[in-house]
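Report on the structure
Okay, here's what each chain looks like letter by letter:
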Amino acid sequence: RGQFTDKLRVPEALTFDDVLLRPKESRVEPDEADVSTRVSTNVEVNVPILSAAMDTVTESEMAIAMARQGGLGVLHRNLDVDEAAAEVERVKRADELVIRDVVTADPDQTVREVDTMMERKGVSGAPVTDEEGDVLGIISGTDIRPYLEVGESDEVREAMTDEVVTAGEDVTAREALELMYEHKIERVPIVDDDGHLTGLVTMQGILQRREYGNAARDEGGHLRVGVAVGPFETDRAVTVDEAGADVLFIDCAHAHNLNVIDGAREIQESVEADVVVGNVGTREAAEDVVDFADGIKVGIGPGSICTTRVVSGAGMPQITAIAEVADVAADEDVPVIADGGIRYSGDAIKAIAAGADAVMLGSYFAGTDEAPGRVITVDGKKYKQYRGMGSVGAMQSGDGDRYLKDEPDEDEEYVPEGVEAAEPYKGSLESELHQLVGGMQSGMGYVGAETIPAFKQRSEFVRVSSAGQTEGHPHDVMITDEAPNYSPSE
Ligand code: XMP
């Protein structure tokens, strides 16, 4: 025995396919399982799912769709800082009760002019204001219609409804609806104490919010959004924080680098948003960040497009990584996010059993309509591009910072830790999430746990042999119809 042969007495590290949940006595109907959780100390979501901060997965369209469905989108950081802030604002404005950039009309415009303007801006009504911003009236399609043939050069002040029902800044959706019902109207201008227009509440806006009853919203009713920032990007962090980000994610492939931890700590001290630190994959790393992190993200090389483990020889199989980090985080009540490697809903709920509070997925969502990029067709099959943020293409669009690498000189090549790929086109995010959440709830039903915290306590694993693994997939048959949640090629 010696120093190096001792090194070969290695501890076992497991991943998703190595384990299964042990079925337990249950009265829990899967549909009733409550999947709400925390992604960070101060931010709750209604489904325990995040979309990855990757330039082929999450921009504002994905973030809006994720939050409407109850989860959280994390905007990637291959955007310049101003564009990142604008993306945050887009999410925050998406389902606003009070619309802020209100389209207004002048009283002395002609009816024709206003009609054209409203059509161009895609609105069906507009408050009419004077130069001070006082609300003089309101004009809608119903007011305009009788003028279109014969009176289209009449002034707006003629056509508008001049008895306007307004409300103050603190109006609630319920109060606005009551006003609309009482006065048979569809729009309520919001005014400040001096009677100046500050916003608009519309019936259409209220109905849209109702459609997403399970949405993840902040205290002001705006959709939640996460943003990835580099560990040394304090300026970006402050800018997106001021733009309204709820959670910042330190975006680094190896957060147990002490310089990264210093940077993350500085960012945490500079912003109001929660700061999730990652990625890590060991107990020791968790111990070094748990005192200041509002959440810890786990994953060293499990991702579908990752080559970190083969390129660097380093990594941690994901179930063991989650469990090591969660042991430390649970003592301090800090949420854990499992990031990468999830192919099926069963993997996602196993990650929770191993100690995660929520899961982050990239490839699962990259084929949906809401992911950036267009649909391409190869041999008659539809795909969308999906690439690692450590791939050559993604590093050329942004930088190699996530992988702690400097930009190479002109005559040098990148040393990538990811590949560029394509994902089968999948249609809407909503149906993908439906399958993912439904499968996770099914797992909760098998274990007999009605909530995520209860499931984390009650679940147990059994070890699976390779024969057991084969048994667990469809076998000895020819699959004739594709299931919405299982693809044999995955
Ligand atoms: P999935 O398996 O859901 O994984 O597609 C998404 C996660 O993978 C990480 N990621 C990378 N890891 N090289 C890596 O080693 C890369 O180029 C790369 N790009 C993304 C990231 O944590 C993401 O959330």
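Scoring rules and cut-offs
- Residues numbered from 1 in each chain as written.
- Predicted model: local features only at pLDDT ≥ 70, side-chain atom pairs only at ≥ 80, totals over all residues.
- Heavy atoms only, no water.
- Helix = DSSP H or I, 4+ residues; strand = E, 2+ residues; numbered from the N terminus.
- Contact = heavy atoms within 4.5 Å.
- Areas by Shrake-Rupley, 256 points an atom, 1.4 Å probe, with all protein chains shown as cover.
- Lys, Arg positive; Asp, Glu negative; His and termini not counted.
- Charge placed at Lys NZ, Arg CZ, Asp CG, Glu CD.
- Salt bridge = Lys/Arg side-chain N within 4 Å of Asp/Glu carboxyl O.
- Buried < 20%, exposed > 50% of the residue type's maximum accessible area, 1.4 Å probe, protein only.
- UniProt positions renumbered as here; feature names shortened; annotations may be inferred.
- Near = heavy atom within 4 Å.
- Polar contact = N/O pair within 3.5 Å; in protein donor to acceptor, adjacent residues only side chain to side chain.
- Phe/Tyr/Trp six-rings, centres within 6.5 Å; stacked < 30°, edge-to-face > 60°.
- 1 Å grid on protein atoms, 1.4 Å probe; cavity = no way out; pocket = protein on both sides within 12 Å on 5 of 7 lines; lining within 4 Å.
- Points joined across faces, edges and corners; volume = space filled by probe spheres on them.
- Core = buried A, V, L, I, M, F, W, Y, C linked by side-chain atoms within 4.5 Å.
- Pairing = 2+ DSSP bridges.
- Axes fitted to C-alpha atoms, helices over the stretch in contact; angles between N-to-C directions.

**Section: the overall build of the protein**
Check the secondary structure of the protein and you find 19 helices and 19 strands. Over its C-alpha atoms, taken along the principal directions, the protein stretches across nearly 95 × 55 × 50 Å. When contacts within the protein are restricted to residue pairs at least 6 apart in sequence, those whose partners lie at least 24 apart make up 65%. Per element, the accessible surface of the protein, about 23900 Å² overall, is 45% carbon and sulfur. Each charge sign in the protein was given a centre, from 43 positive and 98 negative side chains, and these centres are 7 Å apart.

**Side note on the pattern of salt bridges**
Under the criterion given, the structure shown has 31 salt bridges. Of the charged contacts in the structure, one is a salt bridge between R157 and E155, with a shortest N-O distance of 3.2 Å. According to the relative accessible area criterion, R157 is partly exposed, its value standing at 42%.

**A few points about unusual backbone geometry**
Excluding glycine, residues mostly carry a negative phi; peptide bonds, for their part, are mostly trans. Residue N279 is bonded to the preceding G278 through a cis peptide linkage, with omega at 0°. One can find N279 in strand 12 (residues 274-280). Of note in this structure, D379 is not a glycine but carries a positive phi near 50°. Locating D379 in the fold gives a position in the loop between strand 16 (375-378) and strand 17 (381-387). One non-glycine residue, D476, adopts positive backbone phi at about 60°. Topologically, D476 is positioned in the segment after helix 19 (466-472).

**Quick notes on the side chain of D218**
Within the element layout of this structure, D218 appears in the loop between helix 8 (203-211) and strand 10 (226-229). On the accessibility criterion, D218 (15% relative accessible area) is buried.

**With respect to the UniProt feature "domain: CBS" (unreviewed entry) in the protein**
Here the UniProt feature "domain: CBS" (unreviewed entry) sits at residues 98-155 and 160-219. Taken as a whole, residues 98-155 contains 26% helix and 19% strand, while its terminal C-alpha atoms sit 28 Å from one another. Taken end to end, residues 160-219 is 33% helix and 18% strand, and its two terminal C-alpha atoms sit 36 Å from one another.

**Focus: the environment of E432**
For E432, the position within the fold is in helix 17 (residues 429-447). Taking C-alpha positions, E432 is 36 Å from G125, a pair spaced 307 residues apart along the chain. Those residues in contact with E432 that lie beyond four places of it in its chain are Y364, T368 and K426.

**Focus: the site of the ligand**
Contacts to the ligand come from 24 residues, most closely from C306, T308, D339, Y386 and E417. In this structure, an oxygen atom belonging to the ligand sits 2.5 Å away from a side-chain N or O atom of D339. In the complex, the protein chains occlude 96% of the 520 Å² of accessible area that the ligand would expose alone.

**Overview of the packing of aromatic side chains**
In total, this model carries 2 aromatic pairs according to the counting rule given. Pairing Y344 with Y486 gives two aromatic rings, centres 5.6 Å apart and planes at 15°, and the pair type is stacked. Of this pair, Y344 sits in the loop between strand 14 (336-339) and helix 14 (345-353) while Y486 sits in the segment after helix 19, and the two are 142 residues apart along the sequence. Its relative accessible area of 12% is what places Y344 among the buried residues. Aromatic side chains Y364 and F365 sit 5.7 Å apart centroid to centroid with 85° between the ring planes, which places their arrangement in the edge-to-face category. Judged by relative accessible area, which is 0%, F365 ranks as buried.

**Some words on the layout of surface pockets**
Over the atoms, a rolled probe matching the size of one water molecule traces out where space is still vacant. Counted as a void, the second largest pocket has a volume near 730 Å³. Lining the second largest pocket we find 25 residues, and of these L20, G346, D347, K350 and G472 sit closest to its centre. For the lining of the second largest pocket, the secondary structure elements donating two or more residues are strand 1 (19-21), helix 14, helix 17 and helix 19. Looking at the lining of the second largest pocket, the element that brings in the most residues is helix 14, giving 5 residues.

**Brief notes about the nonpolar core**
The biggest cluster of nonpolar side chains holds 109 residues, and the ones touching the most others in it are I49, L248, I296 and F365. Of all hydrophobic cores here, the second largest spans 14 residues; its members include V114, V128, I139 and I144.

**What about the sheet that holds strand 16?**
Pairing in this open sheet of 3 strands is antiparallel, and the strands run 16-17-18 from one edge to the other. The open sheet is flanked by strand 16 and strand 18 (420-424), the only strands paired with a single partner. For this sheet, the mean inter-axis angle between neighbouring strands, taken without regard to orientation, is 50°. With 5 bridges connecting them, strand 17 and strand 18 associate as antiparallel partners. Among the inter-strand pairings, Q385 is bridged to a residue of strand 18, identified as A422.

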